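# Understanding the architecture of this molecule
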Amino acid sequence: MKIQLALDRLSIGRCFQILNESVDLIDWIEVGTGLIKQYGVGIIREIKDVYPDKILVADMKTCDAGKYETIQAFEAGADITTVMAFSTNKTILDSIKIAKDYKKRVMIDLLGMNDSRRLKGLSALGVDLVSLHFGKDMQQEGEIQKDMFFLIKAFPHFEVTVAGGINLESLPRIVEQKPDTIIIGSAITGVNNCREVTVRMKEMIDCYEKCH
Ligand SMILES: O=C(CO)[C@H](O)[C@H](O)COP(=O)(O)O
């Protein structure tokens, strides 16, 4: 299982400080939607230039203008860009076509999805990477639970990432579901001892993988 570190609602300086402390422990770097909205797509390039060997996910959360926004993300240095699952099929197809041209990837964000028929549709469109997402606002009313994995149970060919307030307490129940990548944001970026927390999270994941 990989760790994707989500950088969101932070100053540029703080992003580099956190990366400097923890980059060797993580696999993918996410430039969060909030960062892109605040600083523009230039922030994707700024981070990719410093960490050219890391897979960089631009959390564009595209829901329309799929071709334009996907090109924007890839031209800025992203390896993966996100598109919302509720977008029209045309938006998703256009984004996937651009990703193929650039030899890069699209991650479909399943935020708000609870109908697995859409997953079937996404699969037919050629989607291969999805993100189970318990949103920021949902986190104010509850915590991420493993039952959200029901959505992807019938689609073992999907590469699965999972996000939404995952912390040291909820990580064990997420790890048990064996997603391909675990997205962690504020549990790491919101603390002063971010290396220590990342080490503990990585240890938990490694320990589960050794034993199962
Ligand atoms: O996409 C996001 C918000 O829309 C975040 O990147 C994702 O939720 C991970 O951050 P956190 O662990 O703080 O929830």
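You'll find the structure just up there.
Before going into details, it helps to say that this report is about the structure given with it. The structure presented is a predicted model; accordingly, all values stated were derived computationally and were not measured.

## With respect to the overall build of the protein chain
A tally of regular secondary structure across the protein chain gives nine helices and eight strands. Computed over its C-alpha atoms, the radius of gyration of the protein chain comes to 16 Å, within 12% of the 17 Å expected for a compact globule of 212 residues. Once the C-alpha set of the protein chain is aligned to its principal axes, its extents read approximately 45 × 35 × 35 Å. Scored against the burial criterion, the 212 residues of the protein chain give a buried share of 50%. The contacts in the protein chain between residues at least 6 apart in sequence include a share of 65% that link residues at least 24 apart. Carbon and sulfur atoms provide 52% of the accessible area of the protein chain, an area that totals close to 10100 Å². Side chains of the protein chain give 27 positive and 30 negative charges; the mean places of these two sets differ by 4 Å.

## Points about the sheet that holds strand β4 (residues 80–84)
Pairing is parallel in the closed barrel, where eight strands are placed in the order β1-β2-β3-β4-β5-β6-β7-β8. Direction aside, neighbouring strands of the sheet carry axes that sit 25° apart on average. Two elements, strand β2 (residues 28–31) and strand β3 (residues 55–62), share four bridges in a ladder whose sense is parallel. Along β3, the bridge assignment pairs valine 31 with alanine 58.

## Comments concerning the packing of helix α5 (residues 89–102) against helix α6 (residues 116–125)
Put simply, α5 and α6 touch, their axes get as near as 10 Å, and they point 40° apart. Between α5 and α6, the angle is such that the two are oblique. Between α5 and α6 the crossing geometry is right-handed. Counting all contacts with α5, which are made through Asn89, Ile92, Leu93 and Ile96, the residues of α6 involved are Arg118, Leu122 and Leu125.

## Considerations on the site of the ligand
For the ligand, the set of nearby residues contains 15 residues, the closest of which are Glu30, Lys61, Lys136, Gly165 and Ser186. Lysine 136 has a polar side-chain atom sitting 2.9 Å from an oxygen atom of the ligand. Note that an oxygen atom of the ligand is positioned 2.9 Å from one of the backbone N or O atoms of glycine 185. Alone, the ligand offers 360 Å² of accessible surface; in the complex the protein occludes 93% of this. For the ligand, the cavity whose grid points lie within 2 Å of the majority of its atoms is the largest pocket. Classifying every residue of the shell around the ligand by side-chain character gives four nonpolar, six polar and five charged.

## Describing the layout of surface pockets
The space that makes up the largest pocket amounts to roughly 380 Å³. As for the largest pocket, its lining consists of 26 residues, and the residues nearest its centre are Ala6, Asp8, Glu30, His133 and Lys136. Broken down by secondary-structure element, the contributors of at least two residues to the lining of the largest pocket are β1 (2–7), α2 (33–39), β3, β5 (105–109), β6 (129–133), β8 (181–184) and α8 (186–189). In terms of lining residues, the second largest pocket is bounded by 14 residues, among which Met113, His133, Phe134, Met138 and Met148 are the most central. Broken down by class, the residue content of the lining of the second largest pocket amounts to eight nonpolar, four polar and two charged.

## Overview of the packing of aromatic side chains
Enumeration according to the criterion identifies two aromatic pairs in this entry. Taking the centre distance of 5.6 Å and the plane angle of 45° together, the rings of phenylalanine 74 and tyrosine 102 count as tilted. Here phenylalanine 74, found in helix α4 (residues 66–75), pairs with tyrosine 102, found in helix α5; they are 28 residues apart in sequence, far enough to count as distant. For tyrosine 102, a relative accessible area of 28% puts it in the partly exposed group.

## Focus: α6
Taken together, the buried positions of α6 are Arg118, Leu119, Leu122 and Leu125. Buried residues in α6, looked at end-on, bunch into an arc of 115°, giving them a common side. Of the residues in α6, the exposed ones pointing more than 90 degrees away from the buried face are Arg117, Lys120 and Ala124. Looking at the residues trailing α6, positive phi occurs at glycine 126, about 100°.

Definitions and cut-offs
Each chain carries its own residue numbering, running from 1 in the direction its sequence is written. A pLDDT threshold of at least 70 governs which residues receive local features in this predicted model, and a stricter bar of 80 or more applies before side-chain atom pairs are shown or counted, although totals over entire chains, interfaces and linings include all residues. Hydrogen atoms and water are omitted, and side-chain values are computed over all heavy atoms in the structure. A helix here means a DSSP run of H or I that spans at least four residues, while a strand means a run of E at least two residues long, and both kinds are numbered starting from the N terminus. A radius of gyration in this sense is built from C-alpha atoms; the matching globule rule multiplies 2.2 Å by the number of residues raised to 0.38. The classification of residues rests on relative accessible area computed with a 1.4 Å probe and restricted to protein chains. Under 20% of the type maximum is buried, over 50% is exposed, and intermediate values are partly exposed. Should any heavy atoms of two residues lie within 4.5 Å, those residues are counted as being in contact. Accessibility throughout is a Shrake-Rupley quantity obtained with a 1.4 Å probe, and a residue counts as covered only by protein chains that appear here. Under the counting rule used here, the positive set is Lys and Arg, the negative set is Asp and Glu, and His together with the chain ends is not counted. In this description, the location of a charge corresponds to atom NZ of lysine, CZ of arginine, CG of aspartate or CD of glutamate. Strand pairing follows a simple DSSP-based rule, namely that at least 2 bridges must link the two strands. To get an axis, a line is fitted to the C-alpha atoms, and for a helix only the part in contact is used. The angle between two axes follows their N-to-C directions and goes from 0 to 180 degrees. Oblique is the label for every angle not falling under 35 degrees (roughly parallel), over 145 degrees (roughly antiparallel), or within 65 to 115 degrees (roughly perpendicular). Rotating anticlockwise by less than a right angle from the far helix to the near helix defines a left-handed crossing, while the corresponding clockwise rotation defines a right-handed one. One heavy atom within 4 Å of a molecule or strand makes the whole residue count as near it. Any pair of N or O atoms that falls within 3.5 Å is considered a polar contact. Within protein, one atom must be able to donate a hydrogen and the other to accept it, and sequence-neighbouring residues count only if both atoms are side-chain atoms. For cavity detection a 1 Å grid was placed over the protein atoms alone, and a set of points counts as a cavity when a 1.4 Å probe fits there but cannot get out; an open set counts as a pocket when protein lies on both sides within 12 Å along at least five of seven lines, with lining residues being those that have an atom within 4 Å of a point. Think of it this way: a molecule belongs to a cavity or pocket when more than half its atoms come within 2 Å of the grid points there. Each residue is assigned to one class: nonpolar for Ala, Val, Leu, Ile, Met, Phe, Trp, Tyr, Cys and Pro, charged for Asp, Glu, Lys and Arg, and polar for all the others, Gly among them. Grid points are joined across faces, edges and corners, and a volume is the space filled by probe spheres set on the points. Each aromatic pair joins two rings of Phe, Tyr and Trp (for Trp, the six-membered one) with centres within 6.5 Å, and gets the label stacked for planes under 30 degrees apart, edge-to-face for over 60, and tilted for any other angle. Throughout, the arc means that of the directions going from the helix axis to the C-beta atoms.

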